[in-house]
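Here is what each chain is made of, one letter per residue.
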Amino acid sequence: MKIARVETFLIPPRWLFCRIETDDGVVGWGEPVVEGRAEVVRSAVEVLSEYLVGQDPLRIQDHWQVLSKGGFYRGGPVLSSAVAGIDQALWDIAGRALGVPVHTLLGGPVRDTVRVYAWVGGDEPQRLKEEVTAQVEAGFTAVKMNAAGRTPPIGSPADTAAVVERVAAAREALGPHRDVAVDFHGRFAAANARRVLHEIAPLHPLFVEEPVLPDQAHLLPGLVSASPVPLATGERLYGRADFLPALTAGVAVAQPDLSHAGGISEVTRIASLAETFGAHLAPHCPLGPIALAASLQVAFATPNFLIQEQSRGIHYNKDADLLSYLVDTEPFRFVDGQAHRTALPGLGVTVDEDAVRAADRSGHAWRNPVWRHADGSFAEW
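Residues numbered from 1 in each chain as written. Predicted model: local features only at pLDDT ≥ 70, side-chain atom pairs only at ≥ 80, totals over all residues. Heavy atoms only, no water.

With that settled, the discussion passes to the overall build of the protein. Counting its regular elements, the protein contains 12 helices and 14 strands. For 381 residues, the compact-globule estimate of 2.2 N^0.38 gives 21 Å, and the C-alpha radius of gyration of the protein, at 20 Å, lies within 12% of that figure. In terms of overall dimensions, the protein has C-alpha extents of about 65 × 45 × 45 Å along its principal axes. A buried classification covers 56% of the 381 residues belonging to the protein. As presented, the protein carries roughly 14800 Å² of accessible surface, and 53% of it is formed by carbon and sulfur atoms. For the protein, the centre of its 33 positive side-chain charges and the centre of its 45 negative side-chain charges are spaced 2 Å apart. (Helix = DSSP H or I, 4+ residues; strand = E, 2+ residues; numbered from the N terminus. Rg over C-alpha atoms; globule rule 2.2 N^0.38 Å. Buried < 20%, exposed > 50% of the residue type's maximum accessible area, 1.4 Å probe, protein only. Areas by Shrake-Rupley, 256 points an atom, 1.4 Å probe, with all protein chains shown as cover. Lys, Arg positive; Asp, Glu negative; His and termini not counted. Charge placed at Lys NZ, Arg CZ, Asp CG, Glu CD.)

Right, dumping it as structure tokens:
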């Protein structure tokens, strides 16, 4: 069996899909994308395809090594995301060729269900109580929200009070037996993050995500030691070496993205590394169905898994949703906030190829917003 063809598809609302076909007709799908830079990742996949065509698709680990390290200049979000989507597709091919789910190839399941959470509030959170209530009624036992929209690095008393008020509204709607995770999104300076962490601690967040920017890992030890709330990070980290400083600092939750951090191959290694530090895995995934399917396969096989992000109803999904490009949506039917393990081969989802090809004809040019403070200076989004 040899790789015969590699294709990419620019899919609304902001995704990029990768299709790899073998010479005997086995097809695997992946999702290589950097949100807002999908076209650049598409070009990277095309370059990497020069090596892949004609190769044995089942040599997944060897291909990961060559694609990640075969160039003198390595790393970064574009290359790592291109490799991630290809890696997902190769695991999908392996599972389909052997007639087993990917989690079987990873050593077998350690759980039968995976807890998932829903997003509420959007980029600049509003109407939180109503949105949280709707997710509770839909059966979810956990939600995640942004702490604030555009905000000064060190906020006023009113800014801090507004964060506390939003988290309190979510907690009131959730009650004491459900969870809220709070995303700081790197929007606060470390000093302000420390202050806000103490203010929201009585509301018992499951974790606080990206308390500082990913290039400020040297500040994490002080935040971890001062924080009464578990800290999480990782959506903008792309490999084990990137995660090591955060884990050494004592973060409680590692959040690699299966479409950014080298795919299934690297995220399983990140999970093992995190386990040695007593940290848990909560993969980042505000993306499409293939990224989520890959995340779930890892979750089913990972002992130190905590919870899974998913994008049903997320504020980015304007032109299409998580279920828009699937033949069968049953794998993503969440019952009581849980995804259930199936015996479906590969990644466990069947992509509607006709819908994907039709969507690619219009494509997209999604870009994240650029924010500015009141004085006109750049603000973190």
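This next bit is on the environment of Asp-242. Of note, Asp-242 is situated in helix α9 (residues 240-249). Take Asp-242: its relative accessible area is 35%, and that puts it in the partly exposed class. Along the backbone, Asp-242 and Pro-214 are 28 residues apart, and their C-alpha atoms lie at a distance of 9.1 Å. Within polar-contact distance, the side chain of Asp-242 engages the backbone nitrogen of Tyr-238 at 2.9 Å. (Polar contact = N/O pair within 3.5 Å; in protein donor to acceptor, adjacent residues only side chain to side chain.)

Taking 1.5 Å as the rise per residue, helix α10 (residues 263-276) with 14 residues should run 20 Å; its terminal C-alpha atoms sit 20 Å apart, in good agreement. Three or more residues of α10 are buried, namely Gly-263, Ile-264, Ser-265, Glu-266, Val-267, Ile-270, Ala-271 and Ala-274. At the C-terminal side of α10, Gly-278 shows a positive phi close to 75°. (Expected span 1.5 Å × (residues − 1).)

Quick look at the sheet that holds strand β2 (residues 15-22) now. Read from one edge of the open sheet, three strands run β1-β2-β3, paired in antiparallel fashion. In this open sheet, the two strands that pair with only one neighbour each are β1 (3-11) and β3 (27-30). Direction aside, neighbouring strands of the sheet carry axes that sit 20° apart on average. Where β1 and β2 come together, eight bridges link them in antiparallel fashion. Bridge assignment links Thr-8 to a residue of β2, and that residue is Cys-18. Here helix α1 (residues 38-52) sits on the sheet in contact with β1 and β2, set at roughly 180° to β1. Contacts from helix α12 (residues 353-362) reach β1, β2 and β3 within the one sheet, and its direction differs from that of β1 by about 60°. (Pairing = 2+ DSSP bridges. Axes fitted to C-alpha atoms, helices over the stretch in contact; angles between N-to-C directions. Contact = heavy atoms within 4.5 Å.)

The next thing to look at is the packing of α9 against α10. At a minimum axis distance of 10 Å, the contact between α9 and α10 shows a crossing angle of 20°. Here α10 runs roughly parallel to α9, going by the angle between their axes. The way α9 lies across α10 gives a crossing that is right-handed. From α9, Arg-240, Phe-243, Leu-244 and Leu-247 reach across to α10, where they touch Glu-266, Arg-269, Ile-270, Leu-273 and Ala-274. Within the contact of α9 with α10, the residues separate by chemical class into six nonpolar, no polar and three charged. (Parallel < 35°, antiparallel > 145°, perpendicular 65-115°, else oblique. Left-handed = near helix turned anticlockwise from the far one by under 90°. Nonpolar A, V, L, I, M, F, W, Y, C, P; charged D, E, K, R; others polar.)

In this section: unusual backbone geometry. Following Pro-12, the chain continues into Pro-13 via a peptide bond in cis, with omega recorded as 10°. With respect to the helices, strands and loops of the structure, Pro-13 is situated in the loop between β1 and β2. Located in the positive-phi region is His-185, a residue other than glycine, with phi close to 60°. Exposure remark for His-185: the relative accessible area of 9% places this residue in the buried category. Not every positive phi belongs to a glycine, and Glu-210 is a case in point at roughly 45°. Assignment of secondary structure puts Glu-210 in the loop between β7 (208-209) and α8 (220-226). A residue is classified by how much of its surface remains accessible, and Glu-210, at 0% relative accessible area, is buried.

In terms of residue burial, strand β4 (residues 113-120) counts as a mostly covered element, since six of its eight residues are buried. When β4 meets strand β12 (residues 338-340), the two strands line up antiparallel, connected through three bridges. Bridging from a neighbouring strand, Arg-115 pairs with Gln-338 of β12. Bridge count between β4 and strand β11 (residues 308-309): two bridges; the pairing is parallel. The residue bridging Tyr-117 from the neighbouring strand is Glu-309, located in β11. Judged from the three bridges that link them, β4 and strand β5 (residues 142-146) form a sheet pairing that is parallel. Across the sheet, residue Ala-118 finds its bridge partner in β5, namely Val-143. Handedness of the β-α-β unit built from β4, helix α5 (residues 128-137) and β5 comes out right-handed. (Right-handed = clockwise from strand over helix to strand, strands pointing away.)

Annotation from UniProt places "domain: Mandelate racemase/muconate lactonizing enzyme C-terminal" (unreviewed entry) at residues 125-230. Along residues 125-230 one finds 43% helix and 11% strand; the C-alpha atoms at either end are 22 Å apart. (UniProt positions renumbered as here; feature names shortened; annotations may be inferred.)

What follows concerns the nonpolar core. With 106 residues, the main nonpolar core has Phe-17, Ile-20, Ile-86, Phe-184 and Phe-332 as its most contacted residues. In terms of residue count, helix α11 (residues 289-301) provides more of this core than any other element does, nine residues in total. Every residue in contact with Ile-20, bar those within four places of it in the chain, is listed here: Ile-3, Arg-5, Val-6, Val-26, Val-27, Gly-28, Ile-86, Ala-89, Leu-90 and Ile-93. Ala-142, Leu-206, Val-253 and Ala-282 belong to the second-largest nonpolar core, a separate cluster that totals nine residues. (Core = buried A, V, L, I, M, F, W, Y, C linked by side-chain atoms within 4.5 Å.)

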